[in-house]
Structures are given as structure tokens and as C-alpha cells.
Amino acid sequence: MSGKLQIIKSLGVFSQACAKRLEVPYCSRQLIASRLLSTSHIVYLEKERAVAIEAVERASRVCKAVFKQLVNEETLTKKDKSPVTVADFSAQAVVNSVLEKHFPNDPIVGEEDSKDLQGEDGRVLRERVVELVNTAVDKPMSAEDVLCAIDRGQYEGGSSGRHWTLDPIDGTKGFLRGEQFAVCLALIVDGQVRLGVVGCPNLPFDMSKPEGDKGVLAVAVQGQGAFQRKLNADSELEQRIMVSNVEDACNASFCESVEAGHSNHSDNAKIAELLGISKQSVRMDSQCKYIAVARGDADIYLRLPVDSKYVEKIWDHAAGNIIIHEAGGHVTDINGEPLDFSKGRTLSANKGVIAANSNIFETVLAAVQTTLANKY
Ligand SMILES: Nc1ncnc2c1ncn2[C@@H]1O[C@H](COP(=O)(O)O)[C@@H](OP(=O)(O)O)[C@H]1O
Ligand SMILES: [Mg+2]
Ligand SMILES: [Mg+2]
Ligand SMILES: [Mg+2]
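Note that this is a predicted model, so its numbers are computed, not measured. (Residues numbered from 1 in each chain as written. Chains lettered and ligands numbered in written order. Predicted model: local features only at pLDDT ≥ 70, side-chain atom pairs only at ≥ 80, totals over all residues. Heavy atoms only, no water.)

Explain the state of the cysteines here, please?
By definition, a disulfide links the sulfur atoms of two cysteine residues through a covalent bond. Applying the stated rule across the entire model yields zero disulfides. Between cysteine 200, a cysteine without a disulfide, and cysteine 288, which holds the nearest cysteine sulfur, the sulfur-to-sulfur distance is 3.5 Å. (Disulfide = S-S within 2.5 Å.)

Put into C-alpha cells, the structure is as follows:
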């Protein structure tokens, strides 16, 4: 099939799928299609999008099941890190085996590895993980299969070809507290993030109804906008999400990590003061912060370095990064540089992260640079 024919064929399916999501009338669909035909960088990842959603939904179910058991056994405050580790490993095995089934040649940069599950020392943990994984996959997996699936995440990443990056539970501490955490999966092609899916099991679907339905799945493909749907719901209906349109930074609200060790709360506060922000920051774990900005619940996400040594990991930012961009916002590091996902497993070319709606981004960046002048 010629390149052009392939594009047209893809667009046919794209507009059907897109129309389902957007619920736009046919004439608007034609407009979308003609706009896409006139651009030179059409990215069409319908299968990848569907598979990534399935993988994230399955893994999110496993995480919720682990948490329910913790609560039921009243072990949440007593246990050490191992229950989380069980969920982390299980979620990574589930996502990686879904990816392997559909894209056997795609390498994966995943946060976890199977070291702690090996040998006699890892037996108890391993058995628990194998049991959990088998509640979430179609074909039974042996212990060896599970360890292998986890270790498919050892890819070194880089600037050429395509690979996935996975954070099976982002916001481990939030997960343990029963607060926000996220299952985050992204596809990187030639160093650029092209697709991101973030499952947020504890995030209210509608922030104006904090006690209402919880569980959000946010998804974006480059050039196709950002959407949210209910996580693990019967309906696949999607709503387009957009960043806020706040124009004056002093009216903005910002979010930051709960953990002061992950983002510098005192520098964040100085920046807020410089911008004339009077609203209290919203503290939240995980890439749920990116989703909060992408759908306008908050206007700014600040992740300022705590020390000069820490290097951010690609799985902590890839999915959130594309969702913000596709929702109409901006993301850079503290120097105004785009996050560079082509350097391997880490964001070694970047320091810190700033995300905001496009209206106020430059003002926020200027305040960050004034506050941090020569610090890093
Ligand atoms: N010193 C540090 N600075 C910034 N991020 C850090 C950090 N130490 C750990 N992290 C990362 O912060 C992530 C959580 O971010 P947040 O505070 O926004 O919830 C962790 O992801 P995991 O929970 O997946 O391990 C971890 O990768
Ligand atoms: Mg993480
Ligand atoms: Mg993690
Ligand atoms: Mg971790």
C-alpha cells in the first residue's frame, strides 16, 4: 500500500474511533480528517492506544485488589514496604505480558526488576505475585513466566526505534496511604513520546464532586488531543480534556508532591509568592498531578529539585507529559527545556519539571528562574 493510501485508510478508522470519543457531527469529522491530511506528521496509533488502555486497566484492578486486602487485614499501617512491592511487581508483570502479546518486538523501560523475587529469599513474595498476576491475565503464567515478564522492563531506552515506558505504581507512598497513585504507560518513538495512558484509581472523575465516582483513565496520542474516561467502567465513552484558561498567574492554583523529598516545597512557596498566588497548594502523589493540570483542576504543577544529584526517571513523566501537551498545556524543566526522553532510562538532560496552561507558562517559568537563579 502506498504511503498516502495507508494514511487515508488509517484516517477512515481514525475518524470513526475519534467520532466515538468526541461525539462530533460528521462534518466536523471531515474537518478533522482534512486537517490531518494536510499535516506532514500524522501519527496513527489506534491499536497501541487500545492495548495500552487494556494493560493499564488490568494493572489498576490488581493494585486495587492488593489495597483492599491490606485494608481488610488492617495491615496498612503495620506492614513494611512489601505489600506495595507485591502490587508494583504484579502490575508490571500484567502490563508487560499484555504488551508482549500484542507487540512482542517492542522493548520496555519499566521501573521494577525481578531481583527481590528470586531464590528462596524471594519465595513468599514471588508466590503472592504469581497468584495476583494470574487473576488478571488470560493465559495461566508460571513463576518463571512472571519473572520473565517483569524483566522485559530492563530495556535501556534511547533515541532510536520504539519502546514503551512503564511505572506500574507511581506514587507508592500515596498508594500506601490510600490516596492518589497512578499506573502510567507511554510509547516513545525515536525519543519522542507519542502515546500516554495514566490510570488513576482513586482520582474523582469530576473534581467538583470529590465524593462522587472515583477512577480516571487519561489518554493522549500525539496530534489527537487528550481524553478521559472512567477507569474500568462498562462504558468506553471519552471526554476531551483541556487545561484551564486562567490568564493571570495570581489567580492560578498549583499542585506539588506530598513528599517534600521529591519536590522542593519551600522553593515552590517562594515562586507562588512571587506570582502573587494566594491559594493553598494542592498536594497530591503521582502523575495524577499532570492529569489535574490537563483537565483544569489545577493550573500549575511545580516539581523543583530538592538536591542537585537526583535525576528524574522517564517513567515518572512520559505519559503525563504528552497528556498535558495534548490538553493544550506546556511542560519543560526549570531551564525551559523540553523533557528529553531520548537519553535512556533517565531524564539526564533535564532538571525539575514545570507544567502549566499556555497562557501563564512563560510567567511561571520566569518566576522559577528568578527564584532558582544559579542554584542548579
Ligand atoms: N529525590 C527525588 N526527587 C524527585 N523525585 C523522586 C525522588 N525520589 C524518588 N522520586 C520519585 O518520585 C516519584 C513519586 O512522585 P510524587 O512525589 O510526585 O508522587 C517516585 O515514583 P514511585 O512512587 O513510582 O517510586 C520516585 O520515582
Ligand atoms: Mg514513579
Ligand atoms: Mg513506581
Ligand atoms: Mg518506586
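Help me out: how do you make sense of the sheet that holds strand 10 (residues 300–303) in this one?
Each strand in a sheet pairs with another by means of backbone hydrogen bonds, the pair being arranged parallel or else antiparallel. Reading across from one edge, 9-8-10-12-11 is the order of the five strands in this open sheet, with mixed pairing throughout. Bordering the open sheet on either side are strand 9 (282–283) and strand 11 (329–332), each of which pairs with just one other strand. Summarising the sheet, strand 8 (residues 254–256) and strand 10 pair through two bridges and their orientation is parallel. Considered in strand 10, the bridge of phenylalanine 254 is made with isoleucine 300. Contacts from helix 10 (residues 318–326) reach strand 11 and strand 12 (353–357), with the element oriented near 145 degrees to strand 11. Strand contacts of helix 11 (residues 358–372): strand 10, strand 11 and strand 12, with the helix running at about 145 degrees to strand 12, the strand carrying the most contacts. (Pairing = 2+ DSSP bridges. Helix = DSSP H or I, 4+ residues; strand = E, 2+ residues; numbered from the N terminus. Contact = heavy atoms within 4.5 Å. Axes fitted to C-alpha atoms, helices over the stretch in contact; angles between N-to-C directions.)

Please explain the nonpolar core as it appears in this structure.
Here is a general trend for soluble globular proteins: nonpolar side chains tend to be buried in one another's company. Ranked by size, the top nonpolar core spans 51 residues in total, and within it Trp164, Leu185 and Leu195 carry the most contacts. Only helix 3 (46–72), helix 4 (82–102), helix 5 (123–133), helix 6 (143–151), strand 2 (162–170), strand 3 (182–189), strand 4 (192–204) and strand 5 (214–221) provide two or more residues apiece to this core. When residues in this core are grouped by element, the largest group, 10 residues, is from helix 3. Listed in part, the 40 residues of the second largest apolar core include Leu203, Ala298, Val353 and Ala355. (Core = buried A, V, L, I, M, F, W, Y, C linked by side-chain atoms within 4.5 Å. Buried < 20%, exposed > 50% of the residue type's maximum accessible area, 1.4 Å probe, protein only.)

Is there a simple way to think about the packing of helix 8 (residues 265–274) against helix 11 in this case?
For any two helices packed against each other, one specifies the inter-axial angle together with the distance between the axes. Here helix 8 crosses helix 11 at 125 degrees, and the two axes come no closer than 9 Å. On the basis of their axis angle, the class for helix 8 and helix 11 is oblique. The element helix 8 and its partner helix 11 pack so that their crossing is right-handed. Mapping the contact onto sequence places Asp267, Lys270, Ile271 and Leu274 in helix 8 and Ala367, Val368, Thr370, Thr371 and Leu372 in helix 11. Of the residues contributing to the contact of helix 8 with helix 11, the split by class is five nonpolar, two polar and two charged. (Parallel < 35°, antiparallel > 145°, perpendicular 65-115°, else oblique. Left-handed = near helix turned anticlockwise from the far one by under 90°. Nonpolar A, V, L, I, M, F, W, Y, C, P; charged D, E, K, R; others polar.)

How should I be thinking about the packing of helix 5 against helix 6 in this particular structure?
Contact pair helix 5 / helix 6: the axes reach a minimum separation of 10 Å and the direction vectors enclose 85 degrees. Regarding the angle of helix 5 to helix 6, the classification is roughly perpendicular. Each of Arg126, Val129, Val130 and Val133 in helix 5 lies in contact with helix 6, whose residues at this interface are Ala143, Val146 and Leu147. Taken together, the residues of the contact of helix 5 with helix 6 break down into six nonpolar, no polar and one charged.

Looking at this structure, I do not really get the pattern of salt bridges. What am I missing?
Oppositely charged side chains can pair when the atoms bearing their charge come close. Under the definition given, this model contains 22 salt bridges. In this structure, arginine 177 and aspartate 285 form a salt bridge, with 2.7 Å as the shortest nitrogen-oxygen distance. Taken together, the residues span a long stretch of sequence, with arginine 177 in helix 7 (residues 172–177) and aspartate 285 in the loop between strand 9 and helix 9 (288–294) at a distance of 108 residues. Here glutamate 312 ties to arginine 303 by a salt bridge, and the two come within 3.1 Å at their closest N and O atoms. In the salt-bridge network here, residues are joined through shared partners; they are Lys173, Arg177, Glu179, Glu259 and Asp285. (Salt bridge = Lys/Arg side-chain N within 4 Å of Asp/Glu carboxyl O.)

How do you make sense of the site of ligand 1 when you look at a structure like this?
Ligand 1 sits among 16 residues. The nearest are His262, Ser286, Lys289, Arg303 and Asp316. Within the side chain of aspartate 316, a nitrogen or oxygen atom sits 2.6 Å from an oxygen atom of ligand 1. If ligand 1 stood free it would expose 580 Å²; the protein chains cover 85% of that surface. Among the elements that make up the shell around ligand 1, the one with the highest residue count is strand 2 (three residues). Tallied by class, the residues present in the shell around ligand 1 amount to two nonpolar, six polar and eight charged. Viewed by domain, the shell around ligand 1 spans two of them, domain 2 (46–240) and domain 3 (249–372), each represented by three or more residues. (Near = heavy atom within 4 Å. Polar contact = N/O pair within 3.5 Å; in protein donor to acceptor, adjacent residues only side chain to side chain. Areas by Shrake-Rupley, 256 points an atom, 1.4 Å probe, with all protein chains shown as cover. Domains from an automatic or database assignment.)

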